[in-house]
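Fold and geometry: a report
This is what each chain is made of:
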Amino acid sequence: MAADILESINSMHEGTLMSHLGIEFIDIGENYLTAKMPVDERTCQPLGLLHGGASAALAETLGSVGSAIRLDLNQRVPVGLELNANHIRPVTSGYVIGTATALHMGRRTHVWDIKIEDEAGRLVCVSRLT
């Protein structure tokens, strides 16, 4: 079932920012969602480092999709209310892997903790999305 959900999520984002940035969902669990994003010409700033805005886009995508798969989208549409991001470490190549973990799943608000790491498991960015 998890594989079906991941396939569905990945296929419905053609022509969006998610597809443009190369974001791909790779794991899902009861309380979390994981995606990877390449560090390349699409996601780097002019000095060759991962752009903070790309990290923020990955974090927002993870939290928003995490909420969307838990809602009846015919009745409610999740949108980000607030996003903060602390950029910890630069990355110049490879992939970053983001994992969003639900901290609060209320009727009107959801709060997600998002950690983005490099391929060696080092923390790159920590975010919170409401």
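Placed above this text is the structure.
Residues numbered from 1 in each chain as written. Predicted model: local features only at pLDDT ≥ 70, side-chain atom pairs only at ≥ 80, totals over all residues. Heavy atoms only, no water.

**Thoughts on the side chain of Ser-127**
Selection rule: Numbering of helices and strands runs from the N terminus; a helix is a DSSP stretch of H or I covering at least four residues, while a strand is a stretch of E covering at least two. The classification of residues rests on relative accessible area computed with a 1.4 Å probe and restricted to protein chains. Under 20% of the type maximum is buried, over 50% is exposed, and intermediate values are partly exposed. Throughout this description, a polar contact denotes any pair of N or O atoms lying within 3.5 Å of each other; where both atoms belong to protein, one of them has to be capable of donating a hydrogen while the other can accept it, and for residues adjacent in sequence the pair is counted only when both atoms sit in side chains. Note on definitions: a residue-residue contact is assigned when non-hydrogen atoms from the two residues lie within 4.5 Å.
Mapped onto the elements of the fold, Ser-127 is located in strand 6 (residues 123-129). Overall, Ser-127 belongs to the buried group, its relative accessible area being 2%. From its side chain, Ser-127 meets the backbone oxygen of Asn-84 in a polar contact 3.3 Å long. Filtering out sequence-adjacent residues up to four positions away, Ser-127 remains in contact with Ala-59, Leu-83, Asn-84, Ala-85, Trp-112, Asp-113 and Ile-114.

**Points about the side chain of Ser-67**
Its place among the elements puts Ser-67 in helix 3 (residues 52-68). Judged by relative accessible area, Ser-67 falls into the buried class, the value being 5%.

**Notes on the nonpolar core**
Applied cut-off: Within this scheme, the nonpolar core is defined by two criteria: the residues are buried Ala, Val, Leu, Ile, Met, Phe, Trp, Tyr or Cys, and they are joined through side-chain atoms within 4.5 Å.
With 28 residues, the main nonpolar core has Phe-25 and Val-96 as its most contacted residues. Of all elements in the fold, only helix 1 (2-11), helix 2 (17-21), strand 1 (24-28), strand 2 (32-38), helix 3, strand 4 (95-105), strand 5 (110-118) and strand 6 reach the threshold of two or more residues within this core. Here this core gets six residues from one element, more than from any other, and that element is helix 3. Residues in contact with Phe-25, not counting those within four places in the same chain, are Leu-6, Ile-9, Asn-10, Met-18, Leu-33, Thr-34, Ala-35, Thr-61, Leu-62 and Val-65.

**With respect to the sheet that holds strand 1**
Note the following rule: Here a strand pair is declared whenever DSSP counts at least two bridges between the two strands. Whenever a helix is involved, its axis is fitted only over the stretch in contact; in every case the axis is a line through C-alpha atoms, and angles between N-to-C directions fall within 0 to 180 degrees.
The strand order across the open sheet formed by six strands is 1-2-4-5-6-3, and the pairing between neighbours is antiparallel. The open sheet terminates on both sides in strands that have one partner only, identified here as strand 1 and strand 3 (83-87). Averaged over neighbouring strand pairs, the angle between their axes works out to 20° when direction is ignored. Sheet topology note: the strand 1/strand 2 ladder contains four bridges and is antiparallel. Pairing of Phe-25 across the sheet is with Ala-35, part of strand 2. Together, strand 1 and strand 2 form the strand contacts of helix 1, whose direction differs from that of strand 1 by roughly 160°.

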